[in-house]
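Per-entry structural report
Now for the letters of each chain:
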Amino acid sequence: MDESPLGRFVSALARTSAIAGGVVLCVVTITTVFSIIGRALIPLGLSPIQGDYELVEAGMAFAIFAFLPWCQFTRGHAIVAVVTDKLPVRFNAYTELVMEFLTLILAVFLTWRHWVGMIDKFGYGETSFILRYPLWWAYAAGLIGATIWVVVCIYCVIRAARNATSRAPVMPESEMAE
């Protein structure tokens, strides 16, 4: 793992984002459980949580975007290396650099379109059907994780470029193994 100040900062940023996503995911799970119990016990006077679907939808969107930076930072994406494991380390290092750059392009594109969607929801004043909360709130929450993902992707491109251009590149592996 990169122990430079930048590496530690990006690691902490990605980790914090993932933890926030995990907390929201736990809250969504608890909300769902209580809502299901409420539905099951309607004959006893209980009821489901109003707007539970809307809360789950917004929470899951946030959680997904919040997990992407950590997955990117730790190289947690699925890799099929049947062929590349047999190729030279330098070739794999350059392959990683290309893939990190392509992921950065994807992250920037998705973040930009998410921003445009948020501005659209804000401009039209759209609200959720049951709870009537402004939909742009959910978009803004997701945009936090998406923006952090772009920052982490930029760092990962730099990390991969340093590895590919070093005198002795190392085989890119998951940071989780360290």
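Preceding this section is the structure that the text describes.
Residues numbered from 1 in each chain as written. Predicted model: local features only at pLDDT ≥ 70, side-chain atom pairs only at ≥ 80, totals over all residues. Heavy atoms only, no water.

Let us look at the packing of helix α1 (residues 5-40) against helix α2 (residues 52-73). Relative orientation of the contacting elements α1 and α2 amounts to 155°, with a least axis distance of 8 Å. As summarised for this structure, α1 and α2 are arranged roughly antiparallel, according to the angle between their axes. Helix-helix and strand crossings are classified by hand; for α1 and α2 the assignment is left-handed. The residue makeup of the contact of α1 with α2, split by class, is 18 nonpolar, nine polar and three charged. (Axes fitted to C-alpha atoms, helices over the stretch in contact; angles between N-to-C directions. Helix = DSSP H or I, 4+ residues; strand = E, 2+ residues; numbered from the N terminus. Parallel < 35°, antiparallel > 145°, perpendicular 65-115°, else oblique. Left-handed = near helix turned anticlockwise from the far one by under 90°. Nonpolar A, V, L, I, M, F, W, Y, C, P; charged D, E, K, R; others polar.)

Moving on, we get to unusual backbone geometry. Even without a glycine there, the phi angle at Arg75 is positive, about 55°. Mapped onto the elements, Arg75 comes out in the loop between α2 and α3 (89-124). In this structure, Arg132 takes a positive phi of about 65° despite not being glycine. Looking at the secondary structure, you find Arg132 in the loop between α3 and α4 (135-165).

On to a nonpolar patch on the surface. A grouping of Ile30, Val33, Phe34, Ile37, Leu41, Leu44, Leu46, Ile49, Leu55, Phe129, Ile130 and Leu131 is seen on the molecular surface, where their side chains present a nonpolar patch of about 1100 Å² in accessible area. Per element, the largest residue contribution to the nonpolar patch is four residues, and it comes from α1. Its location among the elements puts Phe129 in the loop between α3 and α4. Classification of Phe129 as exposed rests on a relative accessible area of 71%. (Patch = residues over 30% accessible without salt bridge, like charges linked within 9 Å, V, L, I, M, F, W, Y side chains within 5 Å. Areas by Shrake-Rupley, 256 points an atom, 1.4 Å probe, with all protein chains shown as cover. Salt bridge = Lys/Arg side-chain N within 4 Å of Asp/Glu carboxyl O. Buried < 20%, exposed > 50% of the residue type's maximum accessible area, 1.4 Å probe, protein only.)

Let us now look at the nonpolar core. Ala93, Leu97, Leu104, Ala107, Trp149, Val150, Cys153, Val157, Ala160 and Ala164 together form the largest nonpolar core, which totals ten residues. Taken together, the elements giving at least two residues each to this core come down to α3 and α4. It is α4 that contributes the most residues to this core, six residues altogether. If we ignore the near neighbours within four places in the chain, the residues touching Ala164 are Arg90, Ala93, Tyr94 and Leu97. Listed in part, the nine residues of the second largest apolar core include Ala14, Ala18, Trp70 and Phe73. (Core = buried A, V, L, I, M, F, W, Y, C linked by side-chain atoms within 4.5 Å. Contact = heavy atoms within 4.5 Å.)

Using the criterion set out here, one finds three salt bridges in the structure. For Glu126, the salt bridge is made with Lys121, and the minimal N-O distance between the two is 3.4 Å.

A separate point is the state of the cysteines. What the rule picks out here adds up to zero disulfides. The thiol of Cys71 is not disulfide-bonded; the next cysteine sulfur, from Cys153, is found 10 Å away. Given a relative accessible area of 23%, Cys71 falls into the partly exposed group. (Disulfide = S-S within 2.5 Å.)

Now for the packing of aromatic side chains. Within this structure, the stated rule accounts for five aromatic pairs. With 5.2 Å between their ring centres and 85° between their planes, Phe122 and Trp136 make a pair best called edge-to-face. Taken together, the positions of Phe122 in helix α3 and Trp136 in helix α4 put the pair 14 residues apart, joining distant regions of the chain. Owing to a relative accessible area of 51%, Phe122 belongs among the exposed residues under this scheme. (Phe/Tyr/Trp six-rings, centres within 6.5 Å; stacked < 30°, edge-to-face > 60°.)

α4 packs onto α2 with a crossing angle of 10° between their chain directions and a minimal axis gap of 8 Å. The orientation of α2 relative to α4 falls into the category roughly parallel. Along its contact with α2, which presents Ala58, Phe62, Phe65, Ala66, Leu68, Pro69, Gln72 and Phe73, the element α4 presents Ala138, Ala141, Gly142, Gly145, Ala146, Ile148, Trp149, Val152, Cys153, Tyr155, Cys156 and Arg159.

With that settled, consider the environment of Gly59. Topologically, Gly59 is positioned in helix α2. As a C-alpha pair, Gly59 and Leu25 span 34 residues in sequence and 6.7 Å in three-dimensional space. Apart from the residues within four sequence positions on either side, Gly59 is in contact with Val24 and Val28.

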